[in-house]
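Take a look at the letters that make up each chain.
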Amino acid sequence: DAGVTQSPTHLIKTRGQQVTLRCSPKSGHDTVSWYQQALGQGPQFIFQYYEEEERQRGNFPDRFSGHQFPNYSSELNVNALLLGDSALYLCASSLVGSPTDTQYFGPGTRLTVL
Amino acid sequence: AQSVTQPDIHITVSEGASLELRCNYSYGATPYLFWYVQSPGQGLQLLLKYFSGDTLVQGIKGFEAEFKRSQSSFNLRKPSVHWSDAAEYFCAVGAPGSSNTGKLIFGQGTTLQVKP
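Since the structure is predicted, the reported quantities are computational estimates derived from the model, not experimental observations.

Trainee: Is there a simple way to explain the overall build of chain A in this structure?
Mentor: Tallying secondary structure elements over chain A gives 0 helices and 11 strands in all. The secondary structure elements of chain A, listed N-terminal to C-terminal, are β-β-β-β-β-β-β-β-β-β-β. The C-alpha radius of gyration of chain A comes to 13 Å, within 12% of the 13 Å expected for a compact globule of 114 residues. In chain A, which comprises 114 residues, the share counted as buried stands at 48%. Of the contacts formed within chain A by residues at least 6 apart in sequence, a portion of 54% connects residues at least 24 apart. Total accessible area computed for chain A in this model is approximately 5,400 Å², and 50% of it derives from carbon and sulfur atoms. Side-chain charges in chain A split into 8 positive and 10 negative, and the spacing between the mean points of these groups amounts to 12 Å.

The structure is reproduced here in structure tokens:
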């Protein structure tokens, strides 16, 4: 049973470029959340997708957008990259309606903006 | 505003010694509470969670945590630390209005170093 997978593992971009990160949820899960973890900080919630729609959003600018596909996988897009966008981006999946479930995290994508 | 505080940024303990990592939260009601561990270059692994009921919860790897409503705390404990426990530990709460699988608010983390 595969857990949450993310690609790529590492990515280097320059300021102003655009990036797309990908996430496949744990088998049986239907919800994907994205978090940004800056160096030395705790993860910060970006947004959550369920039924191909954004369900919740954290305090991130519109440069951060996402998408969820019918197979529940998800993409995170960041436009007009800034140096401050350098971070570990974590994807987490869960199952809506499960009273005992929680979020399971992937290994993350390390984004470096030069 | 909702917040999670982990007062200790860095803790060093000797192998075999006991451990307690502190976590305090601000919230208007009893939130969903979690402890995650992150090894270098890894994602987050859930150690334990509290949703309701017994305030002492058991987790994986011999960890436990106690929810104290009066102190707004959810401290993580382990009676005997192993060298493999060296990692970053994060306390998290479910955001107001979120379900148990909704938005999480994380503390800044505590780095645990284990001395041989």
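From this point, things continue past the structure.
Trainee: How do you make sense of the pairing of strand β12 (residues 110-115) of chain B when you look at a structure like this?
Mentor: One face of the sheet, then the other: side chains in a regular strand alternate in exactly this way. Residues and elements named next belong to chain B. Covered by surrounding structure in β12 are Thr110, Leu112 and Val114 only, the residues Thr111, Gln113 and Lys115 on the alternate face being uncovered. As judged from the 5 bridges shared by strand β2 (residues 10-14) and β12, these two strands associate in the parallel manner. Residue pairing for β12: Thr12 is matched across the bridge by Gln113. In the sheet, strand β10 (residues 87-94) pairs with β12 via 3 bridges, with the strands oriented antiparallel. Following the sheet pairing, Glu88 is matched in β12 by Thr111.

Trainee: Would you mind going over the environment of B:Lys68 with me for this structure?
Mentor: Take B:Lys68: it is sitting in strand β8 (residues 64-68). Sequence separation of B:Lys68 and B:Thr55 is 13 residues, and the distance between their C-alpha atoms is 7.2 Å.

Trainee: How should I be thinking about the interface of chain B and chain A in this particular structure?
Mentor: Frequently, the measure chosen for interface size is the accessible area removed from exposure when the parts meet. The partner chain A presents 23 residues to the 21 residues of chain B that form the contact. Overall, the association of chain B and chain A removes approximately 1,600 Å² of surface from exposure, summing both partners, and the carbon and sulfur fraction of that is 48%. The tally of links from chain B across to chain A stands at 0 salt bridges. For the pair chain B and chain A, the number of links is 6 residue pairs in polar contact (both at pLDDT 80 or more).

Trainee: Just to check I follow, could you spell out the side chain of A:Ser94 for this structure?
Mentor: Mapped onto the secondary structure, A:Ser94 falls in strand β9 (residues 87-94). Accessibility expressed as a relative area gives 1% for A:Ser94, which makes it buried. Discounting chain neighbours no more than four positions away, the residues touching A:Ser94 are A:His29, A:Asp30, A:Thr31, A:Asp101, A:Thr102, A:Gln103 and B:Thr101.

Trainee: Looking at this structure, I do not really get the pattern of salt bridges. What am I missing?
Mentor: Side chains bearing opposite charge may pair, as long as their charged atoms lie close to each other. Under the counting rule described, the total for this entry stands at 7 salt bridges over all chains. Its salt-bridge partner being A:Glu54, residue A:Arg57 comes within 3.0 Å of it at the nearest N-O pair. By relative accessible area, A:Glu54 is classed as partly exposed at 37%. Among the ionic pairs, B:Glu64 bridges to B:Arg77, the shortest N-O distance being 3.2 Å.

Trainee: Would you mind showing me how to read the nonpolar core here?
Mentor: Soluble globular proteins tend to pack their nonpolar side chains together in the buried interior. With 28 residues, the main nonpolar core has B:Leu19, B:Trp35, B:Leu47, B:Leu48, B:Phe74, B:Leu76 and B:Tyr89 as its most contacted residues. Breaking this core down by element, the ones donating at least two residues are β2, β3 (19-21), β5 (33-38), β6 (44-50), β8, β9 (73-78), β10 and β12 of chain B. No other element matches β10(B), which puts 4 residues into this core. One finds A:Val19, A:Tyr49, A:Leu76 and A:Leu111 within the second-largest nonpolar core, a separate group that totals 20 residues.

Conventions used here
Residue indices follow the written sequence of each chain, beginning from 1 at its first position. Chain labels run from A onward and ligand labels from 1 onward, assigned in the order the entries are written. Predicted model: local features are reported for residues with pLDDT of at least 70 only, side-chain atom pairs are reported and counted for 80 or more only, and whole-chain, interface and lining totals are derived from all residues. Hydrogen atoms and water are omitted, and side-chain values are computed over all heavy atoms in the structure. Secondary structure is summarised from DSSP: a helix means a run of H or I of at least four residues, a strand means a run of E of at least two, and numbering begins at the N terminus for each. This radius of gyration counts C-alpha atoms alone. The globule rule is 2.2 Å times how many residues there are, raised to the power 0.38. Type-normalised accessible area, obtained with a 1.4 Å probe on protein chains alone, sets the label of each residue: buried when under 20%, exposed when over 50%, and partly exposed for intermediate values. Two residues qualify as a contact provided that any one of their heavy atoms is within 4.5 Å of a heavy atom in the partner residue. Shrake-Rupley sampling with a 1.4 Å probe provides the accessible areas, and residues are treated as covered by the protein chains on show and by no other component. Positive charge is attributed to Lys and Arg, negative charge to Asp and Glu, and no charge count is given to His or to the chain ends. Positions of charges follow a simple convention, taking NZ of Lys, CZ of Arg, CG of Asp or CD of Glu. Here, strands pair whenever DSSP counts at least two bridges between them. Defined here as a combined quantity, buried area equals the accessible surface (1.4 Å probe) lost by two parts on assembly, summed across both. Each salt bridge in this description consists of a side-chain nitrogen of Lys or Arg and a carboxyl oxygen of Asp or Glu lying within 4 Å of one another. Each polar contact in these results corresponds to two N or O atoms within 3.5 Å; when the atoms are within protein, one needs to be able to donate a hydrogen and the other to accept it, and residues that are neighboring in sequence are counted only if both atoms are side-chain atoms. Take the buried residues of types Ala, Val, Leu, Ile, Met, Phe, Trp, Tyr and Cys, join any two whose side-chain atoms come within 4.5 Å, and each joined set is a nonpolar core.

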